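# Examining the three-dimensional arrangement
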Amino acid sequence: MSRRKGSLAMMLLIFLSAILTVAGAFLLFSRRSLLSLSYYEEGLKSVYAAESGANWGLEALKEGPLNRQVTFRVNERIVIVENTEGTSGGKLVSRAAAGNGDYKRYVRISYSLEGREGARKLKVEDVGSDRS
């Protein structure tokens, strides 16, 4: 009988160890998934801010060239819009990053200018987006 109790206790110990191992693996997996989701969400916030800056820059370019760097905030992101323009077109770059400089995202737009009767008309030639 005592031998049976010993083997039963050993099986119970192995079973509980297996449950503990599975629970630990599940917690580790859950934590990593939540961290990945958090990084993804922060990156999307920067993408949205960079695209907002590019839209603002294109709208401002209708009035005339941006001869300076413009900085503003979109939600928790710092957005910097820069423009380099020649006689026939230029490039607009919008950068967004979190306040601490993480999660950088860029939108680059190449455009050409068509002037008709004193009005500026922009034609977007190429759009690109990347990170860091």
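These numbers come from a predicted model, not from an experiment. (Residues numbered from 1 in each chain as written. Predicted model: local features only at pLDDT ≥ 70, side-chain atom pairs only at ≥ 80, totals over all residues. Heavy atoms only, no water.)

### As for the overall build of the protein chain
Scanning the protein chain for helices and strands turns up 1 helix and 5 strands. By its C-alpha atoms, the protein chain is 105 × 25 × 15 Å across when sized along the principal axes. Put simply, the protein chain has 132 residues, and 26% of those count as buried. Contacts in the protein chain between residues at least 24 apart in sequence constitute 39% of all its contacts with a sequence separation of at least 6. Across the protein chain, the 20 positively charged side chains and the 14 negatively charged ones have centroids separated by 15 Å. (Helix = DSSP H or I, 4+ residues; strand = E, 2+ residues; numbered from the N terminus. Buried < 20%, exposed > 50% of the residue type's maximum accessible area, 1.4 Å probe, protein only. Contact = heavy atoms within 4.5 Å. Lys, Arg positive; Asp, Glu negative; His and termini not counted. Charge placed at Lys NZ, Arg CZ, Asp CG, Glu CD.)

### Brief notes about the nonpolar core
If you look at the biggest cluster of nonpolar residues, it comprises 16 residues, and the most contacted ones within it are Leu-66, Val-79, Leu-92 and Ile-109. Listing elements by their share of this core, those giving two or more residues are helix H1 (2–61), strand S2 (77–85), strand S3 (89–98) and strand S4 (105–116). Per-element tally for this core: the top contributor is H1, with 6 residues. In this structure, Val-79 is in contact with Ala-49, Gly-53, Val-70, Thr-71, Phe-72, Val-74, Ser-94, Arg-95 and Ala-96, ignoring residues within four places of it in sequence. (Core = buried A, V, L, I, M, F, W, Y, C linked by side-chain atoms within 4.5 Å.)

### With respect to the side chain of Glu-42
By the element assignment, Glu-42 lies in helix H1. Of the residues examined, Glu-42 reaches a relative accessible area of 18% and is grouped as buried. Beyond its immediate chain neighbours, meaning those up to four positions away, Glu-42 contacts Arg-77 and Tyr-103.

### Some thoughts on the pattern of salt bridges
All chains considered together, the criterion is met by 6 salt bridges. Residues Arg-77 and Glu-42 are paired through a salt bridge, measuring 2.5 Å at the closest nitrogen-oxygen approach. Here Glu-42 lies in helix H1 and Arg-77 lies in strand S2, a separation of 35 residues in the sequence. Looking at Arg-77, the relative accessible area reads 3%, which means it is buried. A cluster of three or more residues bridged by salt bridges with shared partners is formed by Glu-42, Lys-45, Glu-76 and Arg-77. (Salt bridge = Lys/Arg side-chain N within 4 Å of Asp/Glu carboxyl O.)

### What to know about a nonpolar patch on the surface
Together, Leu-12, Phe-15, Leu-16 and Ile-19 give the surface a local cluster of nonpolar side chains, amounting to about 400 Å² of exposed area. Relative to the elements of secondary structure, Leu-16 occurs in helix H1. Residue classification places Leu-16 among the partly exposed positions, given a relative accessible area of 47%. (Patch = residues over 30% accessible without salt bridge, like charges linked within 9 Å, V, L, I, M, F, W, Y side chains within 5 Å. Areas by Shrake-Rupley, 256 points an atom, 1.4 Å probe, with all protein chains shown as cover.)

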